[in-house]
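Listed below, chain by chain, are the residues.
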Amino acid sequence: MPEPAADFHARVLAAAVDGRLPAPAMSQWDIFPWEAVDGAVVPKVLDAPGAEAPRAGEEGGRSCPACAGFTADRLVWEDEHWQLTVEPRPSGLPLVLTLWSREHLDTGDLDDDQAGEFGRIANRLVRIVQGLPHVGRVHVNRWGDGCSHFHVWFVARPEGFAQIKGSYAVEWDDILPPVDEDVWRADLHTVATKLANWGGHARA
Ligand SMILES: [Zn+2]
């Protein structure tokens with residue numbers, strides 16, 4: 001049940017006022033790098049450096065969400081060592097998935113076997129998600145400034161939109177109205193069952 005690009009566009013325009021969507025919450029975040037001055041969008045002034053804030057799972061930081069356990073509505077697929085999760089509700093891009101190691105590691109801490117497993121799962125996952133008919137490409141991102149538990153994002157952008165490219169696709173995810181939940185759930189089920197062909201358990 002794919003959503004063709006023309007249908008995607010029509011749905012977005014229907015949610016907009018004069019073609020324009022409202023600014024997302026991220027535009028109010030401290031780390032948002034732009035602001036309006038005298039009607040022009042300009043970079044913010046860079047603040048003086050300070051101490052690094054503890055991340056989730058580090059001493060002084062909030063508890064680690066992966067170690068605390070994901071709720072069933074977030075699990076897409078899992079095996080002995082890995083968990084694939086999604087937010088409980090759809091967002092603006094077709095799919096945004098996160099692959100976590102079960103063990104509390106940071107990027108760079110995986111041994112060769114763990115790195116090999118990650119590479120195989122990531123490669124399969126990109127191939128599967130990119131095979132969905134309305135997905136143009138899957139971006140693979142590791143940020144790691146919020147949580148110290150190894151986790152990598154798989155961000156599927158829609159096909160056919162010249163503006164939704166590269167790292168800006170992540171921003172469009174918060175700008176665009178959520179995709180249709182039935183389409184989203186069907187995609188999650190496809191991803192989970194296809195990934196389980198190589199092992200592990202489909203949970204979506
Ligand atoms: Zn953890």
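Residues numbered from 1 in each chain as written. Predicted model: local features only at pLDDT ≥ 70, side-chain atom pairs only at ≥ 80, totals over all residues. Heavy atoms only, no water.

What follows concerns the overall build of the chain. Counting secondary structure elements, the chain contains five helices and eight strands. Reading the helices (α) and strands (β) of the chain from amino to carboxyl end gives α-β-β-α-β-β-β-α-β-β-α-α-β. Relative to the globule expectation of 17 Å for 204 residues, the C-alpha radius of gyration of the chain, 18 Å, shows essentially globular dimensions. For the chain, the spread of C-alpha atoms along the principal axes amounts to about 55 × 50 × 25 Å. Look at the contacts in the chain between residues 6 or more apart in sequence, and 62% of them connect residues 24 or more apart. As displayed, the chain offers around 12,000 Å² of accessible surface, 53% of which is attributable to carbon and sulfur atoms. Computing the positive centroid from 18 side-chain charges and the negative centroid from 31, the chain places the two 6 Å apart. (Helix = DSSP H or I, 4+ residues; strand = E, 2+ residues; numbered from the N terminus. Rg over C-alpha atoms; globule rule 2.2 N^0.38 Å. Contact = heavy atoms within 4.5 Å. Areas by Shrake-Rupley, 256 points an atom, 1.4 Å probe, with all protein chains shown as cover. Lys, Arg positive; Asp, Glu negative; His and termini not counted. Charge placed at Lys NZ, Arg CZ, Asp CG, Glu CD.)

Quick look at the coordination of the zinc ion now. The coordination sphere of the zinc ion contains the protein donors Cys64 (SG), Cys67 (SG), His104 (ND1) and His149 (ND1), at a distance range of 2.1 to 2.2 Å. In this structure, the zinc ion is surrounded by four donor atoms whose angles at the metal cover 92 to 124 degrees, and the resulting shape is tetrahedral. For the zinc ion, the single-chain donor residues occur in sequence as C-x2-C-x36-H-x44-H. With His104 in the loop between strand E5 (95-101) and helix H3 (112-130) and His149 in the loop between strand E6 (135-141) and strand E7 (151-158), this residue pair connects regions lying 45 residues apart in the sequence. (Donors = N, O, S within 2.8 Å, 3.2 Å for Na, K, Ca; no water. Tetrahedral: all angles 85-135°; square planar, octahedral: opposite > 155°, others 65-115°.)

Turning our eyes to something else, we now look at the side chain of Ser101. By the element assignment, Ser101 lies in strand E5. Those residues within four positions of Ser101 in sequence are excluded, and the remaining contacts are His81, Trp82, His149 and Phe150.

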